[in-house]
Amino acid sequence: MCTAITYKTVDSYFGRNLDYYFSYTETVTITPRNYPFSFQSVKNMESHYAIIGMAYVVYDYPLYYDATNEKGLSIAGLNFPDNAEYKDFAEGKDNVAPYELIPWILGQCETVEETKKLLKNVNIWNVNFNKKLISTPLHWLIADKDCSITVECVKEGLKVYDNSVGVLTNNPTFDFQMFNLNNYMKVSKKEPTNEFSNKVKLKEYCSGMGGIGLPGDLSSVSRFVKAAFTKLNSISGWSESESISQFFHILGSVAQQRGCVCMQEGKYEITIYSSCCNMDKGIYYYTTYENSQISAVNMYNEDLESKVLVSYPLIKGQQINKQN
Ligand SMILES: C[C@H](CCC(=O)NCCS(=O)(=O)O)[C@H]1CC[C@H]2[C@@H]3[C@H](O)C[C@@H]4C[C@H](O)CC[C@]4(C)[C@H]3C[C@H](O)[C@]12C
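Just so we're clear, the structure is a prediction, and the values are computed from it rather than from any experiment.

*Asks:* It is not clear to me how the overall build of the protein chain should be interpreted in this structure. Could you clarify?
*Replies:* When helices and strands are counted, the protein chain shows five helices and 18 strands. What you see for the protein chain is a C-alpha radius of gyration of 20 Å, in line with the 20 Å of a compact globule of 324 residues. The dimensions of the protein chain, computed from C-alpha atoms along their principal axes, are 70 × 60 × 45 Å. Across the 324 residues in the protein chain, those meeting the buried criterion constitute 50%. Across the protein chain, the fraction of contacts at a sequence separation of at least 24, relative to all contacts at a separation of at least 6, is 68%. Roughly 16,200 Å² of accessible area belongs to the protein chain as shown, and the carbon and sulfur atoms make up 51% of that amount.

Here you go:
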């Protein structure tokens, strides 16, 4: 399971929990403007916008999980099993492999509006990166500093939804997740009043009771509701420190602890990493399951005119600040 969100204070932020039961050797990877991007069918890019994000780099190719470009446009890929249905090659369309979608869009678009135009001619082509790394079923949250969309390639074709809550989890389809929020319209940050019956005396006996009914389990549908409630009611100061702290708290409300979701005998899904990218400043912050200290990589500290990928291995061990 995974959860991706957007958040805005003075700057805009984009990030996700990557929940899974095993990990590739992903790194925080910067693709500078002149790294030559090759694509299987659409035109290769000799130069493009610079990109920062989490990627598994294979044969010098950045397979991004989530990323932001220098204009702030951001994309995260999340599991979408049984629903994602990639298509056969289509003549006259822009045939883009699932693993190419993030770099192809971030390489050339500045905004969600531009992305929507580009998507009109896209066919998500069911082609693998190589024999070992076959396509996995994904859907995507795409956001700029002002708005978000969800992109799903399903049986009926490519669906592009406006995403007014700026949240994405996994199954089922996005239209269901949004409709399901209707069931929670009574949930509130405020103290409840007795609507149950005037024939019985009821009282509020602790704080937080307005939120009773919010789901607490780790299913995708429940995480969508919980993350949307937490994000939409979030209040933080406007400084960078207060903003990213709040961002990680929102993700923390739907994080997965080892032991609670058993995938198969002895295999448990956990939040492998949580990320928060400042879309205005190109700074990628992250924590890992065992390192709660926030680490940061700033794309502008690298030579963005270069042709060579830059990868920072994740700092995974707990960083304890001993006070005596
Ligand atoms: C597993 C990840 C999504 C996590 C998630 O949504 N978990 C929920 C699981 S579930 O719904 O509850 O089953 C996805 C996100 C990005 C994916 C990776 C990226 O797409 C990049 C490459 C693409 C290659 O085709 C496959 C390997 C891969 C390296 C992918 C492996 C895996 O599918 C990743 C890491």
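*Asks:* Sorry, what's going on with the sheet that holds strand 1 (residues 2-8) here?
*Replies:* The pairing of strands in a sheet happens through backbone hydrogen bonds and is either parallel or antiparallel. In spatial order, the strands read 12-1-2-15-16-17; together these six strands make up an open sheet with antiparallel pairing. On the outer flanks of this sheet lie strand 12 (167-168) and strand 17 (291-298), each paired with one strand and no other. Note: strand 1 against strand 2 (residues 12-20), seven bridges, orientation antiparallel. Across the sheet, residue T6 finds its bridge partner in strand 2, namely F14.

*Asks:* How should the packing of aromatic side chains be read in this particular structure?
*Replies:* Summed over the entire model, instances satisfying the criterion amount to 16 aromatic pairs. Measuring from ring centre to ring centre gives 5.0 Å for Y20 and Y21, while their planes differ by 45°; the resulting arrangement is tilted. Residue class for Y20 comes out partly exposed when judged on its relative accessible area of 24%. Y21 gets classed as partly exposed once you look at its relative accessible area, which sits at 27%. Centre to centre, the rings of F37 and Y61 are 5.9 Å apart; their planes meet at 70°, and the pair counts as edge-to-face. Of this pair, F37 sits in the loop between strand 3 (27-31) and strand 4 (51-58) while Y61 sits in strand 5 (residues 61-69); the two residues are 24 residues apart in sequence, bridging distant segments of the chain. No difference in accessibility class separates F37 from Y61, as the two residues are buried.

Parameters and conventions
- Residues numbered from 1 in each chain as written.
- Predicted model: local features only at pLDDT ≥ 70, side-chain atom pairs only at ≥ 80, totals over all residues.
- Heavy atoms only, no water.
- Helix = DSSP H or I, 4+ residues; strand = E, 2+ residues; numbered from the N terminus.
- Rg over C-alpha atoms; globule rule 2.2 N^0.38 Å.
- Buried < 20%, exposed > 50% of the residue type's maximum accessible area, 1.4 Å probe, protein only.
- Contact = heavy atoms within 4.5 Å.
- Areas by Shrake-Rupley, 256 points an atom, 1.4 Å probe, with all protein chains shown as cover.
- Pairing = 2+ DSSP bridges.
- Phe/Tyr/Trp six-rings, centres within 6.5 Å; stacked < 30°, edge-to-face > 60°.

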